[in-house]
Amino acid sequence: MAWLIVKYLITSMAVVAVSECAKRSDRLGGLLAALPLVTLLALIWLYVEKQPAEKIANHAWYTFWYVVPTLPMFLAFPWLLPRLGFWPTLLACVLLTMVCFAAFAWVVKRFGIDLL
């Protein structure tokens, strides 16, 4: 149980650090947010918890494929924000990401990559 609390604290500190940096610098906050901090922490947690190398490698593999359909959201969000406001923009971006993910999963399945 203590290990789980440590994981929560360290992982949440990374997210808070990114948001605090973003308050001070748009560029630094964006750079830190773009880094795969959560993925790196997840890989470390899997390794420390003695998960098989194949499981760790699969996590990195699928993370790559799941990131690709999220990229349009980062272009849509700043364009929609001044037009719709924060919450509608967030909802629209979630929906956009879901549509992009479904379409992307359908396309890459033709190449033998099963995301669903």
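Scroll up to find the structure.
This structure is a prediction, so every number in the text was calculated from the model and none was measured. (Residues numbered from 1 in each chain as written. Predicted model: local features only at pLDDT ≥ 70, side-chain atom pairs only at ≥ 80, totals over all residues. Heavy atoms only, no water.)

### Description of the overall build of the protein
1) Next: When you go through the protein residue by residue, the secondary structure sums to 6 helices and 0 strands.
2) Next: Along its sequence from the N terminus, the protein presents helices and strands in the succession α-α-α-α-α-α.
3) Next: Relative to its length of 116 residues, the protein is extended, with a C-alpha radius of gyration of 17 Å against a globular reference of 13 Å.
4) Next: Expressed along its principal axes, the backbone C-alpha trace of the protein runs to roughly 50 × 45 × 25 Å.
5) Next: Within the protein, buried positions represent 22% of all 116 residues.
6) Next: Long-range contacts, defined as pairs at least 24 residues apart, comprise 46% of the intrachain contacts of the protein with a sequence gap of at least 6.
7) Next: Here the protein has roughly 8700 Å² of accessible surface; of this, 76% comes from carbon and sulfur atoms.
8) Next: When the 9 basic and 5 acidic side-chain charges of the protein are each reduced to a single mean position, those positions are 5 Å apart. (Helix = DSSP H or I, 4+ residues; strand = E, 2+ residues; numbered from the N terminus. Rg over C-alpha atoms; globule rule 2.2 N^0.38 Å. Buried < 20%, exposed > 50% of the residue type's maximum accessible area, 1.4 Å probe, protein only. Contact = heavy atoms within 4.5 Å. Areas by Shrake-Rupley, 256 points an atom, 1.4 Å probe, with all protein chains shown as cover. Lys, Arg positive; Asp, Glu negative; His and termini not counted. Charge placed at Lys NZ, Arg CZ, Asp CG, Glu CD.)

### Observations regarding the state of the cysteines
1) Next: A full pass over the atoms with the stated rule returns 0 disulfides.
2) Next: The thiol of C93 is unpaired, and the distance to the nearest cysteine sulfur, on C100, comes to 9.9 Å. (Disulfide = S-S within 2.5 Å.)

### Quick notes on a nonpolar patch on the surface
1) Next: Residues L81, F86, W87, L90, L91, V94, L95 and M98 make up a contiguous nonpolar surface patch of roughly 790 Å² in combined accessible area.
2) Next: At 7 residues, helix α6 (residues 86–109) tops the list of elements feeding residues into the nonpolar patch.
3) Next: Checked against the element boundaries, F86 lands in helix α6. (Patch = residues over 30% accessible without salt bridge, like charges linked within 9 Å, V, L, I, M, F, W, Y side chains within 5 Å. Salt bridge = Lys/Arg side-chain N within 4 Å of Asp/Glu carboxyl O.)

### A few points about the packing of aromatic side chains
1) Next: The tally for this structure, following the rule as stated, stands at 8 aromatic pairs.
2) Next: Taking the centre distance of 5.4 Å and the plane angle of 90 degrees together, the rings of W3 and W45 count as edge-to-face. Within this pair, whereas W3 is found in helix α1 (residues 2–24), its partner W45 is found in helix α3 (residues 37–48), the two being separated by 42 residues in sequence.
3) Next: Using a relative accessible area of 36% as the deciding quantity, one classes W3 as partly exposed.
4) Next: Measuring from ring centre to ring centre gives 4.9 Å for F86 and W87, while their planes differ by 85 degrees; the resulting arrangement is edge-to-face.
5) Next: On the basis of relative accessibility, which here comes to 39%, the residue F86 falls in the partly exposed class.
6) Next: The rings of W61, F64, W65 and F104 are connected pair by pair, giving a single aromatic cluster. (Phe/Tyr/Trp six-rings, centres within 6.5 Å; stacked < 30°, edge-to-face > 60°.)

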